[in-house]
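What follows is each chain in one-letter form.
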Amino acid sequence: MGLRSATKLHISPAHSAARRSLFLPLAAVALLCSASYLLGAWQHGGGLSFSAPSPRSVSIATDITCTTTLTPSTPSLDFSAHHAAAADPAASKAASSASSAAPRRYPACPVEYSEYTPCEDVKRSLRYPRDRLVYRERHCPSARERLRCLVPAPAGYRNPFPWPASRDVAWFANVPHKELTVEKAVQNWIRVDGDKLRFPGGGTMFPHGADAYIDDIGKLIPLHDGSIRTALDTGCGVASWGAYLLSRDILAMSFAPRDSHEAQVQFALERGVPAMIGVLASNRLTYPARAFDMAHCSRCLIPWHLYDGMYLMEVDRVLRPGGYWILSGPPINWKKYWKGWERSKEDLNAEQEAIEAVARSLCWTKIKEAGDIAVWQKPANHVGCKASRKKAAAKFPPFCSRKNADAAWYDKMEACVTPLPEVSGASEVAGGAVQKWPQRLTAVPPRVTAGSLKGVTAKAFLQDTELWKKRVRHYRAVINQFEQKGRYRNVLDMNARLGGFAAALATANYPLWVMNMVPAVVGNSSAALGVIYERGLIGSYQDWCEGTSTYPRTYDLIHADSVFTLYKNRCEMDIILLEMDRILRPEGTVIIRDDVDMLVKIKSVADGMRWDSQIVDHEDGPLVREKVLLVAKTYWTAKDQDQ
């Protein structure tokens, strides 16, 4: 079954005659073990090609209790792009023969599902209320509606351009949509150039390009000293703002609704820019409190002043103490644009006054309004805010009564102000100050120092950081593509814990970004995601029994640490594996860490999914029960699905 582990035979310390009487049976057992290993190695020789071997001790497990220690090589998996037209039936047959029972073969979904997003399906969304855009929120399929097939790539799909070229160009066949090239032609969002899509970096409110627009913001707030690392872009379009912030070491989480403009988030992901499908409607955003150093809206068309200012209160919840909110577009600078916006002066002026009033109720300070851009700053704590509320005669929204401000998995928004942690003095940063980037990546986060995560001390955090550096070195030793610069750009960690995997990749200077998912079913998960953001990384909550809020073919690399053990009593294994296949690019890589028995079960399912896979040893050697399953998704498209 592609398994390399060991069970030891314990020999009783009897007299020498007894040991001699056992010699022949033991020799026979050893020969059987060796034969079993050679047969298994021969059976698993197809489907994957290997790099040059390196000497290593390997132990073999069979149905017979024995110990056989060999010193051949443990090969490195080679996930090189080959662009095979279809899955090789001979290779599939060889892989299947490794198991006593042939794995279930999962068929391809019909071609119309090539962009299927299960929890943001447009047809299903029409069943839900239009009020406050509730119909655009997550609404996942029932068990009866769930697809049990492999989502195909569109015909002609090609591996994306490597970063940084992908920021500006993508293959049209990968996202074959022209709607935005027409609708946003004047604003220079995107254009078709033969078989390519080009992203000039324009935007509705930055006609001179995202770089120039960000430079204008940099004149108002400190974008260059490492104090701003994480950003939130609401209604992101094709995420050019986030794309151009990356050169300034600022990592933006960009989101937009599924059907506001056709495929806008998909374009962002194809460019190699962090993004997800999302909307401000009735549920909290799936991020913890005090996550982002900066939030942004450039003509995002969110009615900030409506619903008692609830949407701006949600931005306040996820904004770090001392963080900034940037608004450009209606109603800012309405005196210049009111005719083009086809709205009256009175209407636009009233909207701006309403937004200003909500910002004051949050105790935000307006830094400046310069041209098309207005900037507010959240206070570092609520000491002064509480004092001013007592003195003011005006009615302020109440502070929220819910204790867990981080909870955000189908939790409803409320028209209240999220209270900041208590401080001992007016100059103290609520919840603790984070260090500037890049020091904050490996420094002990304030939530750990404060004891917010049960059982996680500063020492344990630092040990975890070193552990993941070791594990990433092991991945590099067995996966050649880690040494190919640009091979991986969009990376998913399905059970991010404290963000150690992402931090190890960042310290190794790989040109990639990681979406750190914290399973919503894990106790203390909200505090863990807060730690990830305090490290200057990004992520979201997720229940892996449901679909993710992203398009098919989002990620080049998926990392799953103990995910299947975590969910073994919650939903069927193939539900998670099929979702992983949906969001993985053709020829993408999966790394699954788990107990050896669980990996054998996973492999039996994966072998029916057009995946090539191999179980290899733990970084600490063959005697550790935890193993690593390495997977290469084969290349196939809708054109090849019936072959």
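In this convention, every chain numbers its residues from 1, walking through the sequence in written order. Only residues with pLDDT of at least 70 get local features here, since the model is predicted, and only at 80 or more are side-chain atom pairs given and counted; chain-wide, interface and lining totals rely on the full set of residues. To obtain the side-chain values, all non-hydrogen atoms of the structure were used and water was disregarded.

An unreviewed UniProt entry lists the protein chain under the name Methyltransferase, with Lolium multiflorum given as the organism. UniProt positions are given in the numbering used here, feature names are shortened, and annotations may be inferred rather than shown by experiment. Per UniProt, the comment on the protein chain under Sequence similarities (unreviewed entry) is "Belongs to the methyltransferase superfamily."

Digging into the packing of helix α17 (residues 573-583) against helix α18 (residues 596-606)
Axes here mean lines fitted to C-alpha atoms, for a helix over just the part in contact, with angles spanning 0 to 180 degrees between N-to-C directions. Under the scheme used here, helices are H or I runs from DSSP no shorter than 4 residues and strands are E runs no shorter than 2 residues, and both carry numbers assigned from the N terminus. Between α17 and α18, the shortest axis-to-axis distance is 10 Å and the interhelical angle comes to 60°. It follows from the interaxial angle that α17 and α18 lie oblique. The handedness of the crossing between α17 and α18 is right-handed. Two secondary-structure elements touch here, α17 through Met573, Asp574 and Leu577 and α18 through Met598, Lys601, Ile602, Val605 and Ala606. Put simply, angles under 35 degrees are roughly parallel, angles over 145 are roughly antiparallel, angles from 65 to 115 are roughly perpendicular, and the rest are oblique. What makes a crossing left-handed is the near helix being turned counterclockwise from the far one by less than a right angle; a clockwise turn instead makes it right-handed. We call two residues in contact whenever any of their non-hydrogen atoms come within 4.5 Å of each other.

Let's talk about the packing of aromatic side chains
Any two of the Phe, Tyr and Trp rings considered here, Trp counted by its six-membered ring, make a pair once their centres fall within 6.5 Å; the pair's planes then place it as stacked at under 30 degrees, edge-to-face at over 60, or tilted in between. One pass over the structure, following the stated rule, counts 17 aromatic pairs. Judged by centre distance (4.5 Å) and plane angle (20°), the rings of Phe161 and Trp171 are stacked. Residue Phe161 is found in the loop between α3 (122-125) and β5 (169-171), and its partner Trp171 is found in strand β5; the two are separated by ten residues along the sequence. Ring plane angle 85° and centroid distance 5.4 Å describe the contact between Tyr287 and Phe292, whose orientation is recorded as edge-to-face. Here's how the labels work: a residue is buried when its accessible area is under 20% of the maximum for its type, exposed when over 50%, partly exposed in between, all with a 1.4 Å probe on protein chains only. You can call Phe292 buried: its relative accessible area is 0%. By the ring-pair criterion, three or more aromatic residues cluster together here, those being Trp304, Trp325, Trp364 and Trp376.

Considering the state of the cysteines
Criterion for a disulfide: a pair of cysteine sulfur atoms within 2.5 Å. In total, this model carries six disulfides according to the counting rule given. Here Cys297 engages in a disulfide with Cys300; their sulfurs sit 2.0 Å apart. Note on the Cys297 and Cys300 pair: the S-S dihedral is about -95°, so by sign convention the disulfide is left-handed. Each of the two residues, Cys297 as well as Cys300, counts as buried. With its sulfur 2.0 Å from that of its partner, Cys400 forms a disulfide with Cys416. As the torsion about the S-S bond is roughly 100°, the Cys400-Cys416 disulfide counts as right-handed. In this pair, Cys400 sits in the loop between α11 (383-391) and α12 (446-449) while Cys416 sits in the loop between α11 and α12, placing the two residues 16 residues apart along the sequence. Per residue, the accessibility class of Cys400 equals that of Cys416, and both read buried.

Comments concerning the nonpolar core
In terms of nonpolar packing, the biggest core is built from 138 residues, with Ile221, Tyr287, Met294, Trp304, Trp325, Phe564 and Met580 touching the most fellow members. A total of seven residues in this core trace back to one element, the largest contributor, which is α17. Not counting residues within four places of it along the chain, the set of residues in contact with Met580 comprises Met494, Ile558, Ala560, Phe564, Val590, Ile592 and Trp611. Here the nonpolar core consists of buried residues drawn from Ala, Val, Leu, Ile, Met, Phe, Trp, Tyr and Cys, with membership extended through side-chain atoms lying within 4.5 Å.

What to know about the pattern of salt bridges
Here, a salt bridge means any Lys or Arg side-chain nitrogen found within 4 Å of an Asp or Glu carboxyl oxygen. All told, the structure shown has 42 salt bridges when counted by the stated rule. The salt bridge involving Asp168 is made with Arg167; its shortest N-O contact spans 3.1 Å. A network of salt bridges, in which partner residues are shared, links Arg104, Arg148, Glu572 and Asp574.

Details of the pairing of strand β17 (residues 538-542)
For β17, the tally of buried residues reaches five of five residues, placing the bulk of the element in the interior. Burial along β17 is two-sided: the face carrying Ile538, Ser540 and Gln542 and the face carrying Gly539 and Tyr541 are both buried. For two strands to pair, DSSP has to find at least two bridges joining them. Of the pairings in the sheet, the one linking strand β16 (residues 513-519) to β17 comprises five bridges and is parallel in character. Note on β17: the bridge partner recorded for Asn516 is Gly539. Since β16 and β17 lie parallel, the crossover through helix α15 (residues 525-534) that links them has a hand, and here it is right-handed. Think of it like this: strands point away, you trace from the first strand over the helix to the second, and a clockwise trace means the crossover is right-handed.

Observations concerning unusual backbone geometry
Omega for the bond connecting Trp163 with Pro164 falls within 30 degrees of zero, at 10°, which places this linkage in the cis form. Position of Pro164 relative to the elements: it lies in the loop between α3 and β5. Between Pro330 and Pro331 the backbone carries a cis peptide bond, its omega angle lying at 5°. At Glu587, a residue that is not glycine, the phi angle is positive and equals roughly 65°. Mapped onto the elements, Glu587 comes out in strand β19 (residues 584-595).

Some points on the sheet that holds strand β8 (residues 230-234)
With respect to topology, seven strands assemble into an open sheet ordered β10-β9-β8-β11-β12-β14-β13, the strand pairing being mixed. Strands with a single pairing partner mark the edges of an open sheet, and in this sheet they are β10 (275-277) and β13 (365-370). Averaged over all pairs of adjacent strands, the angle between strand axes in this sheet comes to 20°, irrespective of strand direction.

A word on α15
Most of α15 sits out of view: ten of its ten residues are buried. Phi turns positive one or two residues past the end of α15, at Gly536, with a value near 85°.

Description of the pairing of strand β21 (residues 626-633)
Each regular strand displays side chains that alternate between the two surfaces of the sheet. For β21, the buried fraction is high: eight of the eight residues fall into the buried class. The alternating pattern of β21 places Glu626, Val628, Leu630 and Ala632 and Lys627, Leu629, Val631 and Lys633 on opposite faces, both of which are buried. Taken together, the seven bridges between β19 and β21 define a ladder with antiparallel strand orientation. Residue pairing for β21: Ile592 is matched across the bridge by Leu629. Taken together, the six bridges between strand β20 (residues 611-616) and β21 define a ladder with antiparallel strand orientation.

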